[in-house]
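Residues per chain, in single letters:
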Amino acid sequence: MKLTGAQMVCESLVKEGVEVIFGILGGALLPLYDTLPHYPKLRHILVRHEQGAAHAAEGYARATGKVGVCLATSGPGASNLVTGIANAHLDSSPMVAITGQVARPFIGKDAFQEIDITGITQPITKHNYLVLDVASIPKTFKEAFHLARTGRPGPILIDLPRDVQIDQAEFHYPSKVNLPSYKPTLEGHPAQIKKAAKLINESQRPIIIAGRGVIISTAYAELKELVEEAQIPVVTTLLGISCFPESHALSYGMIGMHGMAYANFAVDAADLIIAIGMRFDDRATAKVSAFAPHARVIHIDIDPAEIGKNVRVDVPIVGDAKAVLQKLNKQVATGQHLDWVQQLDDWRREHPSLVIRDSQGLLPQYVIRQIYEVTKGEAIIVTGVGQNQMWAAQHYWYDKPNSFISSGGLGTMGFELPAAFGAKIGCPDKTVWCIAGDGGLQMTIQELATIVQEKAAVKIAIMDNGYLGMVRQWQELFYGKRYVATPVTGPDFVKIAEAYGLSALKVERKEDVIPAIKKAMADPGPFLIDFKIEPEENVYPMVPPGAALSEVIEEPRKKAKAATDSAKLSVSNI
Amino acid sequence: MTKHTLVALVEDKPGVLNQMASLFRRRGFNIESIAVGHSEVPHLSRTTIVVNGATTTVEQVRKQLDKLVDVVKVSDITDEEIISRELALIKVKTTAASRSEIIEIVDIFRANIVDVGANSVTIEVTGDEDKVNSLLKLLRGFGIKEITRTGCIAMTRGGTGPPPKEKKSPEAKEK
């Protein structure tokens, strides 16, 4: 029996196990949307802006490990997806984005709502397709989902002209993909693994830097085995947070620009870096020429193009973190690095990075810590970008695997609300807290309507300081306190929330924090709390731009001036 | 900065050339030449790309090229023993006095005259880049009206198949 292109798309999505699609329709997608109701297995969620569809699909993908699917019409619908697709690309999230396109005879003629979306998204997708023949739909979808979820995951875009959705053909869903040029290396080369084990067994001051690759390959147990067997301290990248329990004695938190001082010291002093599923991003390494000056480097990553890209590597191992660690663990000797671990513990005691100072005002660090206390560390935390993101990364303790979702590579303000929504849709039984800034929240605030419509019980905490806070912090430290374009006149978020139909509270005093969080948790629906935090509170520790990890500023009031002077020279490099 | 010759076996599909070129564009490389044509395998094309760049950056681009789903194989054959050729068409001004001298130069270079007009001749020359450049240098004195060059195509010497996949990359070191 012949099916229409639209039916073939739905059949393909069902075959791939898709349950949820985030999207907005439009003229070029009418045939597909007209078919959707015949496939009750496919739950379509109407968002309020296509950027929200892409971020929600990514939040869903990251919380569940499944492929997130978003749908947008041609032209502006498709171009509105772009930021979300780029975000998924940089953070290696599995996503299939489907866009409508004008009918084939109109392509290339600047037709109404025509845009060259395959051209536009070429550098920000793992691969993309313009479907010109209805018969190729099954093969295209099979390949797209395979590419999205295997190897280093990423976004795939499929552009579907309107008339292709109407054309008919026989539907045969392929059982296998045929992509001769695409064969990700998973196992890791035995000789390299042997070399790595030798280095590990000989090292005196080893440290593991774990990244998001550990979460993607679910190598939690394997990482823990390596850490405990060889007694190697662990630090993580921002996106590596929650790949290893932070309350573990050998966990030393996050490294990088706003990492823990002792974590940065450890990397600086180590004689061996074991980098697992991370890509030596500049925010993690700080000044790259001064990164880990005494260390040999083992780099385990599934993407060969990441090896040697930013940092010289002594032992590269291309492969899946889980598969490689399973083999590596067998060759790693039971180890003890008592002096080294003692050194790290001393640094942690002498340079505490998580002490919350006394303050009359409401401190964001305190708020985050109380959210941790009330949720008992069981929530999925989805953050925005900037100060709120760093406070959430630092002051919540992540013991549950994959409980931190944040926009790392692209740093997309506005990610938080739709991504938290997508995570809640994917994990309805888990508590999901969206930690937002007042600036970022306003970039995708219309998704509050989606949250209410879908009755998704997302809890939203705004770190409301009336500034684009992270940029203001840089202006304070490096641009002579000239606050250009950073003050933000916010709306009354409580009224906004109420207008959208969700419950909300404003909190201005410390003593109201815990009751408010408890009230939000007790509410069966979505809930928003507007925390009026200290307006000029900064994020510390901080490695100034252009400085090395070891040059971390811990006590701002004493050392900020010195840092300003030393950073002035290098600020133009960032 | 050194000159690199990359050879890639790619799917014969729309957009592939764009994807490849885009990886160089993003890093601000100027592609000196790029030549594409069918290969010995149906549906696959072989591309020869010549670029100037730092070795580490070119190696990074090579790896990125290799990640493209439509790129089957890509090698940097700069340090291999290779045969490289390009074809050029050169239209030179002629007068009754200069024509015989031009024909003589053409003969020395084993080039061909493929078209003759009232006051010009068009010369076809095949060879490596140096040979084409040498001929151009000699012809310049007569007045060159137009040049078109195909860009370099290249292949490794000896053996039976295409060159090994990669030479200096870390993955190769593993093997």
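Residues numbered from 1 in each chain as written. Chains lettered and ligands numbered in written order. Predicted model: local features only at pLDDT ≥ 70, side-chain atom pairs only at ≥ 80, totals over all residues.

## Side note on the overall build of chain B
Here is step 1: Along chain B, the regular secondary structure elements total five helices and nine strands.
Here is step 2: Seen along its three principal axes, the alpha-carbon backbone of chain B occupies a region of about 65 × 35 × 30 Å.
Here is step 3: Of all 175 residues assigned to chain B, the portion counted as buried reaches 30%.
Here is step 4: Considering only contacts within chain B whose residues lie at least 6 apart along the sequence, 75% involve residues at least 24 apart. (Helix = DSSP H or I, 4+ residues; strand = E, 2+ residues; numbered from the N terminus. Buried ≥ 20, exposed ≤ 12 C-beta atoms within 10 Å, placed from the backbone. Contact = placed C-beta atoms within 7 Å.)

## Focus: the packing of helix 3 (residues 50–64) of chain A against helix 5 (residues 82–90) of chain A
Residue and element names in this part refer to chain A.
Here is step 1: At a minimum axis separation of 7 Å, helix 3 and helix 5 run at an interaxial angle of 25°. Put simply, helix 3 runs roughly parallel to helix 5. Contacts from Gln51, Ala54, His55 and Glu58 of helix 3 reach helix 5 at Thr83, Gly84, Ile85, Asn87 and Ala88.
Here is step 2: For the contact of helix 3 with helix 5, a count of residues per class yields three nonpolar, five polar and one charged. (Axes fitted to C-alpha atoms, helices over the stretch in contact; angles between N-to-C directions. Parallel < 35°, antiparallel > 145°, perpendicular 65-115°, else oblique. Nonpolar A, V, L, I, M, F, W, Y, C, P; charged D, E, K, R; others polar.)

## What about the sheet that holds strand 2 (residues 20–24) of chain A?
All names here are of chain A.
Here is step 1: On the basis of which strands lie adjacent, the open sheet formed by six strands has the order 3-2-4-5-7-6 and parallel pairing. Strands at the two margins of the open sheet, each flanked by one partner only, are strand 3 (43–46) and strand 6 (127–130). Each strand axis lies, on average, 20° off the axis of its neighbour in the sheet, ignoring direction.
Here is step 2: Bridge analysis of strand 5 (residues 95–101) against strand 7 (residues 155–161) gives seven bridges, and the strand direction is parallel. Within strand 7, the position partnered with Gly100 by the bridge is Leu160. (Pairing = 2+ DSSP bridges.)

## Side note on the interface of chain B and chain A
Here is step 1: Contact with chain B, which involves 16 residues of that partner, is made by 20 residues of chain A.
Here is step 2: Listing elements by their share of the side of chain B that touches chain A, those giving two or more residues are helix 1 (16–26), helix 2 (55–67), strand 4 (71–76) and helix 5 (170–174) of chain B.
Here is step 3: Per-element accounting of the side of chain B that touches chain A gives the leading share, four residues, to helix 2 of chain B.
Here is step 4: Per-class residue counts for the side of chain B that touches chain A are four nonpolar, five polar and seven charged.

## Looking at the environment of Ser22 of chain B
All names here are of chain B.
Here is step 1: One can find Ser22 in helix 1.
Here is step 2: Judged by C-beta crowding, with 15 C-beta atoms within 10 Å, Ser22 ranks as partly exposed.
Here is step 3: A C-alpha to C-alpha distance of 9.9 Å links Ser22 and Leu65, two positions 43 residues apart in sequence.

## A word on the pairing of strand 4 of chain B
All names here are of chain B.
Here is step 1: Most of strand 4 is tucked away: five of the six residues are buried.
Here is step 2: Pairing of strand 1 (residues 2–11) with strand 4 involves five bridges; the strand directions are antiparallel. Across the sheet, residue Leu9 finds its bridge partner in strand 4, namely Lys73.

## Here we look at the domain arrangement of chain B
Residue and element names in this part refer to chain B.
Here is step 1: As far as domains go, chain B holds domain 1 (2–80) and domain 2 (84–153).
Here is step 2: Each of domain 1 and domain 2 was reduced to a C-alpha centroid, and the two centroids are 29 Å apart.
Here is step 3: Every contact between the two is made by six residues of domain 1 and, on the other side, five residues of domain 2.
Here is step 4: The set of elements that each furnish at least two residues to the side of domain 1 that touches domain 2 consists of strand 2 (31–38) and strand 3 (44–53).
Here is step 5: When residues of the side of domain 1 that touches domain 2 are assigned to their parent elements, the largest contribution, three residues, is made by strand 2.
Here is step 6: Of the residues assigned to the side of domain 1 that touches domain 2, the class counts are three nonpolar, three polar and no charged. (Domains from an automatic or database assignment.)

## Thoughts on the packing of helix 1 (residues 5–15) of chain A against helix 7 (residues 137–149) of chain A
Residues and elements named next belong to chain A.
Here is step 1: In contact at an axis separation of 9 Å, helix 1 and helix 7 are set at 30° when each is read in the N-to-C sense. Between helix 1 and helix 7, the crossing angle belongs to the class labelled roughly parallel. Between helix 1 and helix 7 lies a crossing whose hand is right-handed. Taking contact as the criterion, the partners of Gly5, Met8, Val9 and Ser12 in helix 1 are, on helix 7, Ile137, Pro138 and Phe141.
Here is step 2: Residues belonging to the contact of helix 1 with helix 7 are distributed by class as follows: five nonpolar, two polar and no charged. (Left-handed = near helix turned anticlockwise from the far one by under 90°.)

## Focus: the environment of Ser359 of chain A
All names here are of chain A.
Here is step 1: With respect to the helices, strands and loops of the structure, Ser359 is situated in the loop between helix 15 (338–350) and helix 16 (364–375).
Here is step 2: Overall, the presence of 12 C-beta atoms within 10 Å leaves Ser359 in the exposed class.
Here is step 3: Here the alpha-carbon distance between Ser359 and Glu534, two residues 175 residues apart in the chain, equals 9.2 Å.

## Considering the sheet that holds strand 9 (residues 206–210) of chain A
All names here are of chain A.
Here is step 1: Taken in spatial order, the six strands of this open sheet run 11-10-9-12-13-14, and their pairing is parallel. Every interior strand has two partners, whereas the edge strands, strand 11 (251–254) and strand 14 (315–318), have only one. In this sheet, neighbouring strand axes are inclined to one another by 15° on average, regardless of whether the strands run parallel or antiparallel.
Here is step 2: By the bridge criterion, four bridges tie strand 13 (residues 296–301) to strand 14 in an arrangement that is parallel. What sits directly across from Ile298, in strand 14, is Val315.
Here is step 3: With respect to the sheet, helix 9 (residues 190–202) is in contact with strand 9, strand 12 (272–276), strand 13 and strand 14, its orientation differing from that of strand 14 by roughly 135°.

## Some thoughts on helix 21 (residues 469–478) of chain A
All names here are of chain A.
Here is step 1: Among the residues of helix 21, those classed as buried are Gly469, Met470, Arg472, Gln473 and Leu477. For helix 21, the angular spread of buried residues about the axis comes to 155°, placing them on one side.
Here is step 2: Phi turns positive, to about 55°, at Gly480, one or two residues after helix 21. (Arc of directions from axis to C-beta.)

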